[in-house]
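# Observations on the model geometry
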Amino acid sequence: MSYIALVALVVREYDEAIAFYTGKLGFELVEDTDRGDGSRWVVVRPPGAGGGTDPLRRGTDLLLARARDEVQRAGVGAQTGGRVGFFLYTEDFAAYHARLTAAGVRFVREPKTEPYGTVAVFEDLYGNLWDLIQPA
């Protein structure tokens, strides 16, 4: 079996990204290891995403990778060219949407029901677009 374990998200600074993803989105900080060269290995995952070794239940974690040069800094917040690039599934859309709204997360498209489920679009702290989805 193969699966995608990590997706790198280029960020300005580690601590501000950790604060947003754990504080506002409620993600779990899985790892924050100093690599000894000024960089860190920072991994976060959505609440309830599990973990462990069962790849069918594990999910995909985010590697928060600090931009190292001007080219990477220019890509912060624009990694998907203005399209929704991240999809956060939930079993309780109303509760999670209310939690994010109360935390000050900015929604750019309000909730609506589609054939595939309930969806709304929000921005992370850099302007990356995310779908919050409860599948039908």
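Relevant structure appears above.
Parameters at a glance
- Residues numbered from 1 in each chain as written.
- Predicted model: local features only at pLDDT ≥ 70, side-chain atom pairs only at ≥ 80, totals over all residues.
- Heavy atoms only, no water.
- Pairing = 2+ DSSP bridges.
- Helix = DSSP H or I, 4+ residues; strand = E, 2+ residues; numbered from the N terminus.
- Phe/Tyr/Trp six-rings, centres within 6.5 Å; stacked < 30°, edge-to-face > 60°.
- Buried < 20%, exposed > 50% of the residue type's maximum accessible area, 1.4 Å probe, protein only.
- Arc of directions from axis to C-beta.
- Lys, Arg positive; Asp, Glu negative; His and termini not counted.
- Salt bridge = Lys/Arg side-chain N within 4 Å of Asp/Glu carboxyl O.
- Polar contact = N/O pair within 3.5 Å; in protein donor to acceptor, adjacent residues only side chain to side chain.

Two faces, one strand: in a regular strand the side chains alternate between the faces of the sheet. As judged from the six bridges shared by strand β1 (residues 6-11) and strand β4 (residues 61-66), these two strands associate in the parallel manner. When the sheet's bridge partners are listed, Ala8 is paired in β4 with Leu63. Where strand β3 (residues 40-45) meets β4, three bridges bridge the pair, whose relative direction is antiparallel. The residue bridging Val42 from the neighbouring strand is Leu64, located in β4.

For any pair of aromatic rings, the description consists of the separation of the ring centres together with the inter-plane angle of the planes. Within this structure, the stated rule accounts for seven aromatic pairs. Between the aromatic rings of Tyr21 and Trp130, the centroid separation amounts to 6.1 Å while the plane-to-plane angle is 50°, which identifies the pairing as tilted. Of the two residues, Tyr21 is situated in helix α1 (residues 14-24) and Trp130 in strand β8 (residues 129-135); the sequence distance between them amounts to 109 residues. Looking at Tyr21, the relative accessible area reads 0%, which means it is buried. The rings of Phe20, Tyr21, Phe27, Phe86, Phe107, Phe122 and Trp130 are connected pair by pair, giving a single aromatic cluster.

All right, on to α1 then. Among the residues making up α1, those that are buried are Tyr14, Ala17, Ile18, Phe20 and Tyr21. Each buried residue of α1 lies within a common arc of 165° when the element is viewed along its axis, so the set occupies one face. Trailing α1 by a residue or two, Gly26 shows a phi angle of about 80°, which is positive.

Another aspect to go through is the side chain of Asp124. When you line up the elements, Asp124 lands in the loop between β7 (117-123) and β8. Of the side chains with opposite charge, Arg12 comes closest to the buried, unpaired Asp124, at an N-O distance of 8.6 Å. One polar contact links the side chain of Asp124 to the main-chain amide nitrogen of Tyr126, over a distance of 2.8 Å. In this structure the side chain of Asp124 is engaged in a polar contact, spanning 3.0 Å, whose partner is the backbone nitrogen of Gly127.

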